[in-house]
Amino acid sequence: MSTPAVLAIDGGNSKTDVALVAADGTLLASARGPGINAHEVGVDQTVLILDAVVKQAATQLDRGAAGPLARHTVACLANADLPEEEAEHATAVQAQGWSESATVVNDTFAILRSGLPDTVEGPGAHWGVGVVCGAGINAVGVAPDGRVFRYLALGTISGDWGGGGGLGLEVLWHAIRAEDGRGPQTALVGYLTSHFGVERVEDVTIGIHKGKIPDDDLIGLAPMLLRASDEGDAVARQVVERLAGEIAVMAITAMRRLNLTGLATPVVLGGGVVTARNPLLISGITRRLAEAAPAAEVRVIDVPPVAGAALLGLDHVHAPAAAASRLRAAYGISRP
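Residues numbered from 1 in each chain as written. Predicted model: local features only at pLDDT ≥ 70, side-chain atom pairs only at ≥ 80, totals over all residues. Heavy atoms only, no water.

### Regarding the nonpolar core
Moving on, step 1. Leu192, Ile247 and Met255 are the most contacted members of the largest nonpolar core, which has 57 residues in total.
Moving on, step 2. Of all the elements, helix 8 (residues 234-257) adds the most residues to this core, at 13 residues.
Moving on, step 3. The contact partners of Ile247, leaving out residues within four places of it in the chain, are Val131, Cys133, Ile137, Leu269, Val274, Leu281 and Ile285.
Moving on, step 4. By size, the runner-up hydrophobic cluster in this structure holds 31 residues, among which are Ala5, Val140, Val268 and Leu327. (Core = buried A, V, L, I, M, F, W, Y, C linked by side-chain atoms within 4.5 Å. Buried < 20%, exposed > 50% of the residue type's maximum accessible area, 1.4 Å probe, protein only. Helix = DSSP H or I, 4+ residues; strand = E, 2+ residues; numbered from the N terminus. Contact = heavy atoms within 4.5 Å.)

As structure tokens, this is what we get:
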């Protein structure tokens, strides 16, 4: 069996994926473990969780000697939102001895890399703008000269709205107001009561208030919002239009800050809310982007983020483009 060149890790809120990849792009081993919220559990516990999943993958290799598993580790973590948090996690990951060197970045960089070509013309970097809208929402931009623009991505306190958590609150907000008469009627009332198996939306609100329904259960309400929008519900469509504007403005602002609005900038959109490909949402995003950056190239990708982490790792070890193609094939990903 080939020796792994890259240990790729994607640590998300709902799951953690690990992949060991050879220098030629062959996927040698993979494993999946529980999700991680580094903000809640801290660096030490995050690394313990990662180590357990890394060991699951390592057991699939026929290794006769001890030592590092790979030449380089790339860990893309959902809650490594600040550069100093990335550096702190990188130090902890390096200390595990999984590889000779290690990089930790926010998982939005993995989404961006997955949607970019595998070859770089000239001395520039893999560049473009990536926006993820899944459980949360975030965006990053990378210029051809390597400059990076990013958001704090700390939720409401940093000006963010959208993602599964924000959308779930919107569904509940509109549904309770429709039920008590403060707002217009909406199909979200029936969807919500059916989802939780209760008679009234009020029961959901009280359940959350008393701690019987976890706040995290709201994250799963985004699909019903998109479904109601597809069926023409005016309230749901209003929320989806707002979300389209929010995703677009994150991408447009990143492009403006990096002077990319006049270029054929790849704008890579990922995350479960986006990859549901709701027509109103996608058309709203693309329309706004076309107005602000006519040459931008919008790409919606539905790929495992760990594949993006592995591509970043192959970039680091200077693997040929053929290696990236082989890795994409292993995950069923077409070239951008």
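### Structural notes on the side chain of Arg299
Moving on, step 1. In this fold, Arg299 is placed in strand 10 (residues 297-300).
Moving on, step 2. Sequence-distant contacts of Arg299, that is, excluding residues within four places in its chain, are made with Gly115, Leu116, Pro117, Pro266, Val267, Val268, Leu269 and Pro336.

### Focus on helix 4 (residues 163-180)
Moving on, step 1. The terminal C-alpha atoms of helix 4 lie 26 Å apart, and with 18 residues this matches the ideal 26 Å at 1.5 Å per residue to within 8%.
Moving on, step 2. Of all the residues in helix 4, the buried ones are Gly163, Gly164, Gly166, Leu167, Gly168, Glu170, Val171, Leu172, His174, Ala175, Ile176 and Ala178.
Moving on, step 3. A positive phi of about 95° marks Gly181, the residue just after helix 4. (Expected span 1.5 Å × (residues − 1).)

### Some details on helix 7 (residues 222-230)
Owing to its 3.6 residues per turn, the α-helix brings residues three or four apart onto one side.
Moving on, step 1. For helix 7, the set of buried residues is Ala222, Met224, Leu225, Leu226, Ala228 and Ser229.
Moving on, step 2. Contact partners of the buried residues in helix 7: helix 4, helix 5 (188-196), helix 8, helix 9 (272-275) and helix 10 (279-292).
Moving on, step 3. Downstream of helix 7 by one or two residues, Gly232 has phi in the positive range, about 90°.

### Observations regarding the packing of aromatic side chains
Moving on, step 1. Evaluation of the coordinates by the stated rule reveals one aromatic pair.
Moving on, step 2. Taking the centre distance of 5.0 Å and the plane angle of 80° together, the rings of Phe149 and Tyr151 count as edge-to-face. Neither residue differs from the other here; Phe149 and Tyr151 are each classed as buried.
Moving on, step 3. Taking the ring centre of Tyr191 as reference, the NZ or CZ of Arg227 above it sits at 4.6 Å.
Moving on, step 4. Over the face of the ring belonging to Trp161 we find Arg242, whose NZ or CZ atom lies 3.8 Å from the ring centre. (Phe/Tyr/Trp six-rings, centres within 6.5 Å; stacked < 30°, edge-to-face > 60°. Lys NZ or Arg CZ within 6 Å of the ring centre and 35° of its normal.)

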